[in-house]
Amino acid sequence: MDDSQVSQFYAGKNIFLTGGTGFLGKCIIEKILRSCPDVGTIYMMCRAKRGKSPEERMTDLFGQLLFDFVRTNHPERLAKVVPVIGDVLDLKLGLSAEHEALVTENANVIIHSAATIRFDEHIKDALRLNVGGTMKMVALARKTKNLISFVHVSTAYANCNLLNIEEVYYPMGKEYDPIKLMDLLDWMDEDCLLAMTETLLRDRPNTYCLTKAITEAYLFQHAMDLPLGIFRPSIIGAAWNEPAPGWIDNLNGPSGLFIAIGKGVMRILEGDVNKVADIIPIDYCVNMLLCIGWYTTIVKTKVDVPLIYHCTSGTKKPYTWLQLGTLMLDFFQNKMPYNESSGDRMSTSPLIRRS
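Parameters and conventions
- Here the residue index of a chain counts from 1 through its sequence in written order.
- Only residues with pLDDT of 70 or above have their local features reported here, since the model is predicted, and side-chain atom pairs are shown and tallied only from 80 upward, although totals for entire chains, interfaces and linings are computed over all residues.
- Side-chain numbers here rest on the full set of heavy atoms in the structure, without hydrogens or water.
- Helix axes use the C-alpha atoms of the stretch in contact, all axes being lines fitted to C-alpha atoms, and the angles between their N-to-C directions lie in the range 0 to 180 degrees.
- Secondary structure counts use DSSP, requiring at least four H or I residues in a row for a helix and at least two E residues in a row for a strand, with both numbered from the N terminus.
- In this scheme, roughly parallel covers angles under 35 degrees and roughly antiparallel covers those over 145, while 65 to 115 is roughly perpendicular and the rest are oblique.
- What makes a crossing left-handed is the near helix being turned counterclockwise from the far one by less than a right angle; a clockwise turn instead makes it right-handed.
- The contact criterion used throughout is that any non-hydrogen atoms of two residues lie within 4.5 Å.
- Each residue is assigned to one class: nonpolar for Ala, Val, Leu, Ile, Met, Phe, Trp, Tyr, Cys and Pro, charged for Asp, Glu, Lys and Arg, and polar for all the others, Gly among them.
- Relative accessibility thresholds used throughout: buried, under 20% of the residue-type maximum; exposed, over 50%; partly exposed, between the two (1.4 Å probe, protein chains only).
- Here the rule is simple: two strands pair whenever DSSP picks up at least two bridges between them.
- If the strands point away from the viewer and the path from the first strand over the helix to the second runs clockwise, then the crossover is right-handed.
- A residue's pLDDT is simply how confident the predictor is in it, with values from 0 to 100.
- Taken from the helix axis, the directions to the C-beta atoms give the arc we talk about.

*Asks:* Hey, could you run me through the packing of helix H11 (residues 253-263) against helix H13 (residues 321-335) in this one?
*Replies:* Helix-helix packing is described using two parameters, namely the angle between the two axes and the distance between the axes. Look at H11 against H13: their axes get within 9 Å of each other, and the N-to-C directions meet at 50°. Classed by the angle they form, the pair H11 and H13 counts as oblique. Along this stretch, H11 crosses H13, giving a crossing that reads as right-handed. Between H11 and H13, the residues in contact are Leu257, Phe258, Ile261 and Gly262 and Trp321, Leu324, Met328, Leu329 and Phe332, respectively. Partitioned by chemical class, the residues of the contact of H11 with H13 number eight nonpolar, one polar and no charged.

*Asks:* Can you walk me through the pairing of strand S1 (residues 15-18) in this structure?
*Replies:* Within a regular strand, side chains alternate between the sheet's two faces. Residue alternation in S1 divides its side chains into two sets, Ile15 and Leu17 and Phe16 and Thr18, and both sets are buried. Where S1 and strand S2 (residues 42-46) come together, three bridges link them in parallel fashion. When the sheet's bridge partners are listed, Phe16 is paired in S2 with Tyr43. Following the chain from S1 across helix H2 (residues 23-35) to the adjacent parallel S2, one finds a crossover that is right-handed. Pairing geometry for S1 and strand S4 (residues 109-112), over four bridges, is parallel. In the strand pairing of S4, Phe16 is matched with Ile110.

*Asks:* Would you explain the confidence of the model for the chain in this entry?
*Replies:* Confidence in the prediction for the chain averages 91 pLDDT; 94% of positions are at 70 or higher. With pLDDT under 50 throughout, residues 341-355 is counted as low confidence; its partners more than four residues away or in other chains account for 27 contacts.

*Asks:* What is the right way to look at helix H5 (residues 97-106) in this model?
*Replies:* One full turn of an α-helix is made of 3.6 residues, so residues set three or four places apart face in the same direction. Looking only at H5, the buried set comprises His99, Glu100, Val103 and Thr104. Taken end-on, H5 shows its buried residues confined to a sector of 125°, consistent with a single buried face. Opposite the packed face of H5, turned more than 90 degrees from it, sit the exposed residues Ala97 and Glu98. Where H5 is buried, its residues touch S1, strand S3 (81-85) and helix H6 (123-143).

*Asks:* Help me understand the environment of Met328 in this model?
*Replies:* Of note, Met328 is situated in helix H13. Judged by its relative accessible area of 9%, Met328 falls in the buried class. Spatially, the C-alpha atom of Met328 lies 23 Å from that of Pro233, the residues being 95 residues apart in sequence. When residues no more than four places from it in sequence are discounted, the contact partners of Met328 are Phe258 and Ile261.

*Asks:* Looking at this structure, I do not really get the sheet that holds S3. What am I missing?
*Replies:* Spatially, S3-S2-S1-S4-S5-S6-S9 is the arrangement adopted by the seven strands of the open sheet, whose pairing is parallel. The sheet terminates laterally at S3 and strand S9 (307-311), the two strands that pair on one side only. Averaged over all pairs of adjacent strands, the angle between their axes in this sheet comes to 20°, without regard to strand direction. Seen against the sheet, H6 touches S1, S4 and strand S5 (149-153) and runs at an angle of roughly 175° to S4.

Here it is, written out as C-alpha cells:
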C-alpha cells in the first residue's frame, strides 16, 4: 500500500479518529503508520479510563503486540499520533478549546469509529453513545475548515430486519426521529425508556442495531452537506493476512465463541445452523475503510447522496454456522487441541510482520 493511490492520498493529511483504542480503531492506526509513512498527524480522541490518563492509555496501546513492527522498524512514526482528550458522551465531545481548535484548524479526514457494540446496552446509553456521539461529531465536522472526507462506521446489521440489504439508506418511520428521541433522554426516566424499548425495537434484535440505524437516519437527514461516506462491516473477526494470519487480541464476538468451543466449555449453542455466519477479517475492514476515506474525496461532487459501503462475506463466501462449527470441531479435536487442564497449551505461531 506504500506506493498506492490511497497511501499517496494520506501523505500530508491530518486525521481525527474516535474509537482509537478499540479493536477496529487501533488497527486503523497501525495500518496507517505502517503503510502510509508520509501521513501528517493522527489526532486520536481518548479519555481517562480505569485510573489511567489518556496519555498512559496511548503508551499502553503502542506497547501491544499489534505495534511491534512499527515500534521496531519505524519508532519515529509513533510520534505522529497525538492524544486529544475527549469523550463522545460529554458536551461538545469534552474537548477543551485548545484541542477543539487543534482539530478544526488542522484535520482533513475524520473517522468516527467510537460506539457501543454491546447488544444488551440500555436504550438510553445506546442512544447517547451511538446517536448522540455522532451528532456531536457532525457539529465538529462543520467547524473543521479543511475537511475533505468524513467516514462514519455503521454496521451491516443496522437494517437486519430486512431480507435483502443493499448499499442504500433505508428511511425509518417518523417515530424514529433522531432529534426527538434524543430529547426524550432529557426528561424521561430509565424505567420508562426501558418499557418502550420493545416497541422501538419491533423486528430488530437489539439496541445496537436499532441505534446504528437511527444514526444513519440522522446523517441522511442532517449531514448531507458533509463529504460523508458510511461504512457497514458485518461481524469483524481475526486477520486474514495483516498484521499476521489469524491475529486477534480479544475474545469479543466469534473469537470468544471459538475459544469456548475449543476449550470444551461450550457444548451446545441454540440457533439456526443453516444461517450464514457473516464474518469479515479485520484487515479487510481496515483496508476498505481507508479506501473509503480516499474515494469519498473523488465522488463527493459526483453524487447526490453519501455513498454506503458494505464489507461483508456472506454473498461471496457464505459459511453457515453448521459448516463453521464442523470446521472448528475438526480443528480443535484433530489439528490443534486446546487442553490447558493437562498442561498442554494450544501452540501459536510467532507473529510475522509484513512491511
